[in-house]
Amino acid sequence: MHLQLGQVPTLVVSSPEFAREVLKTQDKIFASRPSLKATRILFYGGRDIGFSPYGEYWRQVRKISTIHLFNSKRAQSFRGVREETVAHMIENLRLVSTSSSGLVNLSEFIKSYVVEVIARVTFGKAFLGEGVSERIHRLVEENGKLLLGLHLEDLFPSYKWLEFFTGLNARATKTFHGWDDLFDELIEAHIRAGGGADEGISDFVDVLLTLQKEDSRDGAVLTRKDIKGI
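To keep things clear, this report deals only with the structure shown in the data block. (Residues numbered from 1 in each chain as written. Predicted model: local features only at pLDDT ≥ 70, side-chain atom pairs only at ≥ 80, totals over all residues. Heavy atoms only, no water.)

**Details of the packing of helix H7 (residues 132–148) against helix H10 (residues 168–193)**
Spelled out, the test is: Interaxial angles span 0 to 180 degrees and are taken between N-to-C directions of axes, which are lines fitted to C-alpha atoms, for helices over the stretch in contact. To qualify as a helix, a DSSP run of H or I must reach at least 4 residues; to qualify as a strand, a run of E must reach at least 2; elements of each kind are numbered from the N terminus. With respect to orientation, any angle under 35 degrees is reported as roughly parallel, any angle over 145 as roughly antiparallel, any angle of 65 to 115 as roughly perpendicular, and every other angle as oblique. When the near helix sits turned anticlockwise from the far one by under a right angle, the crossing is termed left-handed; a clockwise turn instead gives a right-handed crossing. Throughout, a contact is declared for two residues whenever any of their heavy atoms are within 4.5 Å. For this classification, Asp, Glu, Lys and Arg are treated as charged, while Ala, Val, Leu, Ile, Met, Phe, Trp, Tyr, Cys and Pro are nonpolar and the rest, including Gly, are polar.
Taken N-terminus to C-terminus, the directions of H7 and H10 make an angle of 150 degrees; their axes are 10 Å apart at the nearest point. One way to sum up the angle between H7 and H10 is to call them roughly antiparallel. Read as a crossing pair, H7 and H10 show a hand that is left-handed. Contacts from Val132, Arg135, Ile136, Leu139, Val140, Glu142, Asn143, Lys145 and Leu146 in H7 reach Leu168, Arg171, Ala172, Thr175, Gly178, Trp179, Asp181, Leu182, Glu185 and Leu186 in H10. Grouping the constituent residues of the contact of H7 with H10 by class yields 10 nonpolar, 3 polar and 6 charged.

**Description of the packing of aromatic side chains**
As a reminder, the rule being used: Stacked, edge-to-face and tilted are the three classes for Phe, Tyr and Trp ring pairs, Trp counted by its six-membered ring, which pair at centre distances within 6.5 Å; planes under 30 degrees apart are stacked, over 60 edge-to-face, the rest tilted. Per-residue accessibility, obtained with a 1.4 Å probe over protein chains only, is compared with the maximum for each type, and a residue is labelled buried under 20%, exposed over 50%, and partly exposed between these values. Geometrically, a charge over a ring is one whose NZ (Lys) or CZ (Arg) sits within 6 Å of the ring centre while staying within 35 degrees of the ring normal.
The full count for this structure, using the stated rule, is 10 aromatic pairs. Judged by centre distance (6.0 Å) and plane angle (90 degrees), the rings of Trp161 and Phe165 are edge-to-face. The exposure class of Trp161 is partly exposed, given its relative accessible area of 47%. Given the relative accessible area of 68%, Phe165 is considered exposed. For the cation-ring pair, Arg33 lies above Phe51, with the distance from its terminal atom to the ring centre recorded as 5.4 Å. In this arrangement the basic side chain of Arg47 is found over the ring face of Tyr57, its NZ or CZ atom lying 3.8 Å from the centre.

**Describing the nonpolar core**
Let me state the cut-off plainly: To qualify as a nonpolar core, a set must consist of buried Ala, Val, Leu, Ile, Met, Phe, Trp, Tyr and Cys residues joined through side-chain atoms within 4.5 Å.
Ranked by size, the top nonpolar core spans 41 residues in total, and within it Phe123, Ile136 and Leu182 carry the most contacts. Counting only elements with at least two residues in this core, the list comes to helix H2 (37–42), helix H3 (56–69), helix H5 (79–99), helix H6 (106–123), H7, H10 and helix H11 (204–218). Top element by residues in this core is H10. It accounts for 9 residues.

**Structural notes on the side chain of Asn143**
Convention followed: As used in this structure description, the phrase polar contact means that two N or O atoms lie within 3.5 Å; if the pair is within protein, one of them must be able to donate a hydrogen and the other to accept it, and residues adjacent in sequence are counted only when both atoms belong to side chains.
On the secondary structure map, Asn143 appears in helix H7. For Asn143, a relative accessible area of 11% translates into the label buried. Side-chain polar atoms of Asn143 contact the side chain of Trp179, separated by 2.9 Å. The contacts of Asn143, once residues within four sequence positions are left out, are Leu42, Phe43, Thr175 and Trp179.

Taken by themselves, the reported measurements are silent on function.
So this is what it looks like as C-alpha cells:
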C-alpha cells in the first residue's frame, strides 16, 4: 500500500512475500533507516549505531558492538550492576509506597532503572556523581520527545522555513549540546583517571578509548566524534 506522507512516498509492506523481498532479498538497499532531522542533529550526523547509514562505517561500528561492547561475556560482567540497581529500585519503591497513598508510578521507576543501568554500563559508577545521573535522565527524557514525535520538517524536507515555526532545530540543538558537553566531560575524566574500572569492570568509554589507542597504531583512528556518537 502506497502512502504519500507530505513529500515523502511511503510503502507499507504487509505480505510475507514482499516482507521477504525487503528484509532478505534486497536487504542492503533497505538497510539504512530514514535520515530524520532530529537524528542528524542528536547523533553527530549519523555516527551512532542505530541511525548511521549502511556502509563501511556502519560495518565497523557493528563489529565494535558485536565483539567489544555487547558480547555475552561483557553482558554477564555487568550482572552485579543490574542486581545492585534493581535492589536500589525496589528499596525506593518500598519507601514511596509506604509513605504515600499507596499509588506508585511504576513506569517511572522502571524507566529510571533502565537509564541508570545504561549510565553505569556506559560511563562507570565512579563518574556518575555530582548531578551527572540527573543530567543524563533529563537528556534521555528530551531525546525521547524529539525522536518519537512526528515532525513536519521530515514530511516536507524542501520547506526549510518550517523549522523556524516548529522549534525542532533549536530544541534538538540544545539537547545535542547538553549531550556533547556531558560526553566531553566524562571522556576527559576517564582519560585523566587512566580508565573507569567500575569495580574491576571496564565500562563502554574505557573500551572505546582503548580501541582508539590500538587503532591509532594501524592508522585507522576512531575519532572523538565517533566515540560520542556510538
